[in-house]
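Structural overview for review
Letter by letter, the chains look like this.
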Amino acid sequence: MTRLSMCVIFLLATISTGICRAQSLGYDQNRIAMSFDGNSAPDKQYKWPTGDPDDWGALPASCAIMAKLGLQNKLVHCSYNNFIDAPSGPDSKNQLKISADGVIEHWGFNPDVFIDVTKEQKRAIESLAAEMSRSTESNPLFFIHAGLSEFVYLIVKEVIRNGNIDSLAHVHLVSHSAFNENERRRKHHHTWDDIQELCGNRIQYTKIPDQNDKDNPNHLWHSKGNFSVWHWMRDHPEADVRWMYSRLKAHSGGVADISDCGMLFFLLVGDANVSPEKFREFIGDQIVSKN
């Protein structure tokens, strides 16, 4: 058999599994930062007073992707509840804290990188600004943008204030949501365009297709009220996978939506056209090896 024939067979086998574990955007075991919105408490000054419950399940699913690939130590920042000027909820009802505490317990992530923005906004800003500021060509930062833009605007402003604007050229930001980029919860808040204007378009920006396909439960990461496509998590032999399903199920609107994790799957696996079945194949028998 020729080398070409072997390559063709391998390619066809890879396509047939639906999973191609090819990293994208030049990612090579580099640092990763993520920031989620999802506040639990109602924001009565905003047109939609409820929080954004999709992140309650998306944060665990995102961390599961990293843990499956053994990249826990590459997560240098994971802020949540990042709706600026919105209230936080008590810890017993703080759904993102429940999710963050769970991934620390189940998959061994560093607890110091998880920060509730509504409780520690200054530390959250300084943490992500520091990671952006130390970015270089040989040490880039890949940032998953899973919330509105105001928080990121404050980060970039801090980076510039500290004299590190050129480091932003080595920050790769991944987005999938025009809503996240353009929505403002307060009139004085900023959009993604404002961020790029502030930093002179230095941040490297990649926008993948929206990871929601609500009317097709077998495609992407949002199956509306159809949880059956995720029952493989519910019925999984491993407790941590079943816990991940419980966080998906926690959505206050009764919706199966973990769409924000699609950005990390794209970055680390190279696939922006996923399905619940592909995710099942990716997770397999276990997330973290017990050997």
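See the structure above.
If you're wondering where the values come from, they're calculated on a predicted model, not measured in any experiment.

Spatial strand order, E3-E2-E1-E4-E5-E6: 6 strands in an open sheet with parallel pairing. Both edges of this open sheet fall to strand E3 (114-116) and strand E6 (204-207), since each of them pairs with a single strand only. Neighbouring strand axes in the sheet, compared pairwise and without regard to direction, differ in orientation by 15° on average. Summarising the sheet, strand E1 (residues 31-36) and strand E4 (residues 141-146) pair through 6 bridges and their orientation is parallel. Paired with Arg31 across the two strands is Leu141, which belongs to E4. Contacts from helix H2 (residues 54-68) reach E1, strand E2 (75-80), E3 and E4 within the one sheet, and its direction differs from that of E1 by about 170°. The sheet strands contacting helix H5 (residues 149-161) are E1, E2, E4 and strand E5 (171-175), and the helix crosses E4 at an angle near 150°.

Looking now at the packing of aromatic side chains. On inspection of all chains with the given rule, the structure shows 12 aromatic pairs. Each ring, one from Tyr46 and one from Trp48, has its centre 6.0 Å from the other, and the planes form 85°; the classification is edge-to-face. Judged by relative accessible area, Tyr46 falls into the buried class, the value being 7%. The class for Trp48 is partly exposed, based on a relative accessible area of 47%. Each ring, one from Phe109 and one from Phe114, has its centre 6.2 Å from the other, and the planes form 90°; the classification is edge-to-face. Across the pair, Phe114 and Phe109 agree in class, each one buried. Members of the aromatic cluster, connected to one another through ring pairs, are Trp221, Trp232, Phe265, Phe279 and Phe282. The ring of Trp48 carries the charged tip of Lys47 above its face, separated from the ring centre by 4.7 Å.

A few words on the pattern of salt bridges. Applying the stated criterion across every chain, the model contains 16 salt bridges. In this structure, Arg123 and Glu120 form a salt bridge, with 3.0 Å as the shortest nitrogen-oxygen distance. Linking Arg202 and Asp166 is a salt bridge whose minimum nitrogen-to-oxygen distance equals 3.4 Å. In this pair, Arg202 is assigned in the loop between helix H7 (192-198) and E6 and Asp166 in the loop between H5 and E5, connecting sequence segments 36 residues apart. Exposure remark for Arg202: the relative accessible area of 30% places this residue in the partly exposed category. By relative accessible area, Asp166 is classed as exposed at 53%. Salt bridges here are not isolated pairs; linked through shared partners, they connect Arg31, Glu131 and Arg134.

Procedures and definitions
Sequence order as written defines residue numbering, which begins from 1 separately in each chain. Local features in this predicted model are restricted to residues of pLDDT 70 or higher, and side-chain atom pairs are both shown and tallied only at a pLDDT of 80 or more, whereas totals for entire chains, interfaces and linings draw on every residue. With hydrogens and water set aside, each side-chain value is computed from the structure's full complement of heavy atoms. For two strands to be treated as a pair, DSSP must find at least two bridges joining them. Put simply, DSSP marks the helices as runs of H or I at least four residues long and the strands as runs of E at least two long, and each gets a number from the N terminus on. An axis is simply a line fitted to the C-alpha atoms; with a helix, the fit covers only the stretch in contact. Between two such axes, the angle follows the N-to-C directions and lies from 0 to 180 degrees. Any two residues having at least one pair of non-hydrogen atoms within 4.5 Å are treated as being in contact. By convention, a stacked pair of Phe, Tyr or Trp rings (six-membered ring in the case of Trp) has centres within 6.5 Å and planes under 30 degrees apart, an edge-to-face pair has planes over 60 apart, and any other such pair is tilted. Here's how the labels work: a residue is buried when its accessible area is under 20% of the maximum for its type, exposed when over 50%, partly exposed in between, all with a 1.4 Å probe on protein chains only. Counted as over-ring charges are cases with an Arg CZ or a Lys NZ within 6 Å of the ring centre that also lie within 35 degrees of the ring normal. Definition used for salt bridges: Asp or Glu carboxyl oxygen within 4 Å of a side-chain nitrogen of Lys or Arg.

Read these as layout, nothing more, since geometry by itself doesn't imply function.
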